[in-house]
Amino acid sequence: MRTSELERAIPQISQKMLVQQLRELEAANIVTRKVYQQVPPRVEYGLSDYGRSLSVVLHELCVWVRIILIAAELRVKRLPCYIGTIYRQ
């Protein structure tokens, strides 16, 4: 994905912050950066294998957050230990 595409996909982020985050993600081997030697220069970013492996963990984290938010909305004091399995189907 090109930087301009990312800027359009995340309109509330400044270019400076986007570049900073992309550099950090690249340093952590979460994204890859490919530079094309052309005029004007073109740079594309993509998920590395490691970055793709994180998607499973992030999905589970999102499921957990949804459960917590629903429980808070319903004012549930304790969650049954099996509740996470409901959302995996």
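Thresholds, definitions, all that
- Along every chain, residues carry numbers that run from 1 in the direction the sequence is written.
- Given that the model is predicted, a residue must reach a pLDDT of at least 70 before its local features are reported, and side-chain atom pairs must reach 80 or more before they are shown or counted; all residues, however, enter totals for whole chains, interfaces and linings.
- Excluded from the side-chain calculation are hydrogens and water; included are all heavy atoms of the structure.
- Residues enter a patch when their relative accessible area is above 30% and they make no salt bridge; the linking distance is 9 Å between like charges and 5 Å between nonpolar side chains (Val, Leu, Ile, Met, Phe, Trp, Tyr).
- For the area figures, the Shrake-Rupley method with a 1.4 Å probe applies, and any residue is considered shielded solely by the protein chains shown.
- One side-chain nitrogen of Lys or Arg within 4 Å of one carboxyl oxygen of Asp or Glu is enough to make a salt bridge.
- To qualify as a helix, a DSSP run of H or I must reach at least 4 residues; to qualify as a strand, a run of E must reach at least 2; elements of each kind are numbered from the N terminus.
- With a 1.4 Å probe rolled over the protein chains alone, any residue whose accessible area is under 20% of its type maximum counts as buried; one over 50% counts as exposed, and the rest are partly exposed.
- A pair of strands is labelled paired if DSSP reports no fewer than 2 bridges between them.
- Should any heavy atoms of two residues lie within 4.5 Å, those residues are considered in contact.
- Stacked, edge-to-face and tilted labels apply to pairs of Phe, Tyr and Trp rings (six-membered ring for Trp) whose centres lie within 6.5 Å, assigned for plane angles under 30 degrees, over 60, and everything in between, in that order.
- Charge-over-ring contacts are defined here by two conditions on Lys NZ or Arg CZ: a distance within 6 Å of the ring centre and an angle within 35 degrees of the ring normal.
- Take the buried residues of types Ala, Val, Leu, Ile, Met, Phe, Trp, Tyr and Cys, join any two whose side-chain atoms come within 4.5 Å, and each joined set is a nonpolar core.
- In a helix, the anticipated span is given by 1.5 Å times the number of residues less one.

Caption draft 1: Structural view of a nonpolar patch on the surface. There is a patch of nonpolar side chains on the surface, built from Leu 58, Leu 61, Trp 64, Val 65, Ile 68 and Leu 69 and spanning about 570 Å² of accessible area. Looking at where Trp 64 falls in the secondary structure, it is placed in helix α3 (residues 49–74).

Caption draft 2: Broad picture of unusual backbone geometry. The residue after Val 39, namely Pro 40, is reached through a cis peptide bond having omega -5°. Positioned with a positive phi, Asn 29 is a non-glycine residue whose angle comes to about 65°. As for its position among the elements, Asn 29 is in the loop between α2 (15–27) and β1 (31–36). Look at Asn 29 and you get partly exposed, because its relative accessible area is 43%.

Caption draft 3: Representation of the pairing of strand β2 (residues 42–47) in the model. Bridge analysis of β1 against β2 gives six bridges, and the strand direction is antiparallel. For Tyr 36, the partnering residue across the bridge sits in β2 and is Arg 42. Following β1, the chain reverses through five residues before pairing antiparallel with β2.

Caption draft 4: Representation of the environment of Asn 29. The spacing of Asn 29 and Ser 48 is 19 residues in sequence and 6.7 Å in space, taken between C-alpha atoms. Apart from residues no more than four positions distant in its own chain, Asn 29 is found in contact with Ser 48, Tyr 50 and Gly 51.

Caption draft 5: Spotlight on the packing of aromatic side chains. Under the defined criterion, the tally for this structure stands at zero aromatic pairs. Between the NZ or CZ atom of Arg 42 and the centre of the ring of Tyr 36, over which it lies, the distance is 3.9 Å.

Caption draft 6: The arrangement of the nonpolar core in detail. In terms of nonpolar packing, the biggest core is built from seven residues, these being Leu 6, Leu 18, Leu 22, Ile 30, Val 31, Val 43 and Tyr 45. Counting only elements with at least two residues in this core, the list comes to α2 and β2. Here Val 31 is in contact with Leu 22, Leu 25, Glu 26, Tyr 45, Gly 46, Leu 47 and Ser 48, once residues within four sequence places are set aside.

Caption draft 7: Quick look at α2. The end-to-end C-alpha distance of α2 is 18 Å, a good match for the 18 Å that 13 residues give at a rise of 1.5 Å each. In the stretch just after α2, Asn 29 is the one whose phi turns positive, near 65°.

Caption draft 8: Geometry of the side chain of Ser 48. With respect to the helices and strands, the residue Ser 48 is situated in the loop between β2 and α3. Once you skip the residues sitting within four places of it in the chain, Ser 48 turns out to touch Asn 29, Ile 30, Val 31 and Thr 32.

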